[in-house]
Amino acid sequence: MAQTTTTAAKPTGFRSAELGWPELHRIPHPPRRIPLLGDVLGVNRATPLQDSLRFARQLGPIYRRKAFDREFVFTWGADLVADLADESRFAKHVGLGVANLRPVAGDGLFTAYNHEPNWQLAHDVLAPGFSREAMETYHPMMLAVAGRLTDHWDREQAAGRSVDVPGDMTKLTLETIARTGFGHDFGSFERDRPHPFVTAMVGTLTYAQRLNSVPFPALLRRAAQRNAADIAYLNRMVDDLVRARRTAGGDGDLLDRMLETAHPDTGERLSPENVRRQVITFLVAGHETTSGALSFALHYLSLHPEVAARARAEVDRVWGATDAPGYDQVAKLRYVRRVLDESLRLWPTAPAFAREAVEDTVLAGRYPMRRGAWTLVLTPMLQRDPEVWGADAEQFDPDRFDPKAVRARPPHVFKPFGTGARACIGRQFALHEATLVLGLLLRRYELRADPGYRLTVTERLTLMPDGLRLHLERRQDDGPAAGPVEDSGEAAPSEQRCPVRRTGD
């Protein structure tokens, strides 16, 4: 069996900051700390991430917060995060919020501890499922699901109704990962209400978030009962899906790889229990974050018609009059990809990742850390650091991802998919899907924002704009006649280059 590349300590439960940071007193904390309760004044239990961003602006690139008897260290300064990216000294830490998902996802790729062998086994088995060859086979299915979305939006537009952006992006991305990965159709666009899978998934994510904000889990007894029912439903649904596949056979998708593929070196296969956990992980992570990324991007496009016009002109030029753009044509949408990257910069839908010291070390030469000490990286603050991104870092500007601007910035300042050996295995899948969908929607519609809408962000471990609706105007010709396709020859503008590696998830 391939071994993990880290020597991080095995988990022993939550490790409060005072146990791992010998000079914790040097790290600032909010000024009105209350005995026994900690730093709870002025916080909202429903928006812990946004509260953390507010404290970050007040306290600087590293700070700490205490909730009851648990103390956390947050980091976001570019030099600190660059040091945390050193894989020889730091590894992924399965932080409190992620660990709260282990009852449903166990040792799946996202929630596995570093010492658990199944994460490396699963990664090595599943990584070929995100190769270029595999992605090309997914592309037609992505187009088909996007067609169901545009059919739905055409009906809403014709009826004079605005569209529910987060709700429809959730339907789109759930159907996409379900069809490409598991040959399953949830029928999301034929439903008036979210599929029960979505309801159960949101329930488990929300419960995991709430566990972070209470001193004793027993205070959430009723919520725990609902969470147990949600987990039972997810397990039953996946078990039924796997049972049907074993009976009918498949065509080489992710589920087939989970069921039939042995590790290339050891011959090991995933256990039935781990297959269930991986399927749940991919269904949840494979659509929840991408739907948020698309929703934020559409929000910003509706607010910036000049950006939308420039992106639409690129789609018209590159795709011409083709009804079904090919796989290679998606990567040529350089500016559309910049729009997506800039949306992910401001609101990375997986908004934090945790890193732990695999040995006694000193962070950035200033802050001693014992082996096992950990910190939570606030990705939205890292990606808004004015020293890196400029005085207008809070503003939306896709030209930040012009290739020259990207090359001028230091590494490790754009991390919407995490970092290192445990970065997201499906990032190329998500970026291709999102770029394709944005191109299709821009070619078909003019996007009109509701003048009264102000961005409100819902937190359930991932981020999503709340209540976002857009008005649509159907373009008369859906783009120009076919013409020459321009290709600058430049690499795609994202700083998050994502080759598939054998050492990550």
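Look up: the structure comes first, before these words.
Residues numbered from 1 in each chain as written. Predicted model: local features only at pLDDT ≥ 70, side-chain atom pairs only at ≥ 80, totals over all residues. Heavy atoms only, no water.

Draft legend 1. Focus on the overall build of the chain. Helices and strands together make up the secondary structure of the chain, namely 18 helices and twelve strands. Since a compact globule built from 505 residues should have a radius of gyration of about 23 Å, the 22 Å found for the chain is in line with a globular shape. When the 505 residues of the chain are sorted by exposure, 56% land in the buried category. Long-range pairs, those at least 24 residues apart, make up 77% of the contacts in the chain with a sequence separation of at least 6. Accessible area for the chain stands at about 21000 Å²; split by element, carbon and sulfur atoms hold 52% of it. Between the centroid of the 66 positive side chains of the chain and the centroid of its 65 negative side chains there is a distance of 4 Å. (Helix = DSSP H or I, 4+ residues; strand = E, 2+ residues; numbered from the N terminus. Rg over C-alpha atoms; globule rule 2.2 N^0.38 Å. Buried < 20%, exposed > 50% of the residue type's maximum accessible area, 1.4 Å probe, protein only. Contact = heavy atoms within 4.5 Å. Areas by Shrake-Rupley, 256 points an atom, 1.4 Å probe, with all protein chains shown as cover. Lys, Arg positive; Asp, Glu negative; His and termini not counted. Charge placed at Lys NZ, Arg CZ, Asp CG, Glu CD.)

Draft legend 2. Structural context of the sheet that holds strand β12 (residues 469–474). A sheet is described by the order of its strands in space; here three strands give the open sequence β4-β12-β9, paired in antiparallel fashion. Strands with a single pairing partner mark the edges of an open sheet, and in this sheet they are β4 (163–164) and β9 (445–449). Relative to β12, β4 runs antiparallel, the two being bridged by two bridges. Paired with D164 across the strands is R469, a residue of β12. Together, β9 and β12 form the strand contacts of helix α18 (residues 427–444), whose direction differs from that of β9 by roughly 90°. (Pairing = 2+ DSSP bridges. Axes fitted to C-alpha atoms, helices over the stretch in contact; angles between N-to-C directions.)

Draft legend 3. View of helix α5 (residues 117–126). Most of α5 is tucked away, with nine of its ten residues classed as buried. Looking at α5, one finds that the buried residues are N118, W119, Q120, L121, A122, H123, D124, V125 and L126. Contacts made by the buried residues of α5 are with α10 (254–260) and α11 (272–303).

Draft legend 4. Focus on the pairing of strand β2 (residues 70–75). Counting buried residues in β2 gives six out of six residues, a clear majority hidden from the surface. Burial along β2 is two-sided: the face carrying R70, F72 and F74 and the face carrying E71, V73 and T75 are both buried. Taken together, strand β1 (residues 62–67) and the strand that follows it, β2, pair antiparallel across an intervening segment of two residues, in which F68 is found at a positive phi of about 60°. In this sheet, strand β8 (residues 374–378) lies alongside β2 in parallel orientation, the contact comprising two bridges. Of the residues in β8, the one forming a bridge with F74 is L376.

Draft legend 5. Representation of the sheet that holds strand β3 (residues 90–92) in the model. Reading across from one edge, β1-β2-β8-β5-β3 is the order of the five strands in this open sheet, with mixed pairing throughout. Edge positions in the sheet fall to β1 and β3, since each of these pairs with one other strand and no more. Going across the sheet, the axis of each strand differs from the next one's by a mean of 35°, ignoring polarity. Across the sheet, helix α1 (residues 48–59) is in contact with β1, β2 and β8; its angle to β1 comes to roughly 135°.

Draft legend 6. Spatial organisation of the pattern of salt bridges. The full count for this structure, using the stated rule, is 38 salt bridges. We note a salt bridge from D79 to R366, for which the minimum N-O separation is 2.9 Å. Of this pair, D79 sits in helix α2 (residues 78–84) while R366 sits in the loop between β6 (361–363) and β7 (367–369), and the two are 287 residues apart along the sequence. On the basis of relative accessibility, which here comes to 35%, the residue R366 falls in the partly exposed class. (Salt bridge = Lys/Arg side-chain N within 4 Å of Asp/Glu carboxyl O.)

Draft legend 7. Inspection of the nonpolar core at higher detail. Residues F182, L283 and L298 are the most contacted members of the largest nonpolar core, which totals 118 residues. It is α11 that provides the largest number of residues to this core, a total of 13 residues. Once you skip the residues sitting within four places of it in the chain, L298 turns out to touch W153, V165, M169, L438, L441, L447 and L470. I27, V73, V81 and L84 belong to the second-largest nonpolar core, a separate cluster that totals 18 residues. (Core = buried A, V, L, I, M, F, W, Y, C linked by side-chain atoms within 4.5 Å.)

Draft legend 8. Molecular detail of unusual backbone geometry. Of note, the phi angle at H412 is positive, near 65°, even though the residue is not glycine. Tracing the sequence through the fold places H412 in the loop between α17 (403–408) and α18. When its relative accessible area of 29% is taken as the criterion, H412 is described as partly exposed. Even without being a glycine, L461 presents a positive backbone phi close to 75°. Within the secondary structure, L461 sits in the loop between β10 (457–460) and β11 (462–465).

Draft legend 9. Local environment of the packing of aromatic side chains. What the rule picks out here adds up to 14 aromatic pairs. With a centroid separation of 6.3 Å and 85° between ring planes, the pair formed by F130 and F429 is classed as edge-to-face. Of this pair, F130 sits in the loop between α5 and α6 (132–158) while F429 sits in helix α18, placing them 299 residues apart in sequence. Each member of the pair, F130 together with F429, is buried. The structure contains a cluster of three or more aromatic residues connected by ring pairs, namely F14, Y63, F72, F74 and W374. The lysine or arginine in question, R384, covers the ring of W347, its NZ or CZ lying 4.7 Å from the ring centre. (Phe/Tyr/Trp six-rings, centres within 6.5 Å; stacked < 30°, edge-to-face > 60°. Lys NZ or Arg CZ within 6 Å of the ring centre and 35° of its normal.)

Draft legend 10. Focus on the pairing of β12. As paired elements, β9 and β12 share five bridges and run antiparallel to each other. By the bridge assignment for β12, Y445 is matched with R474.

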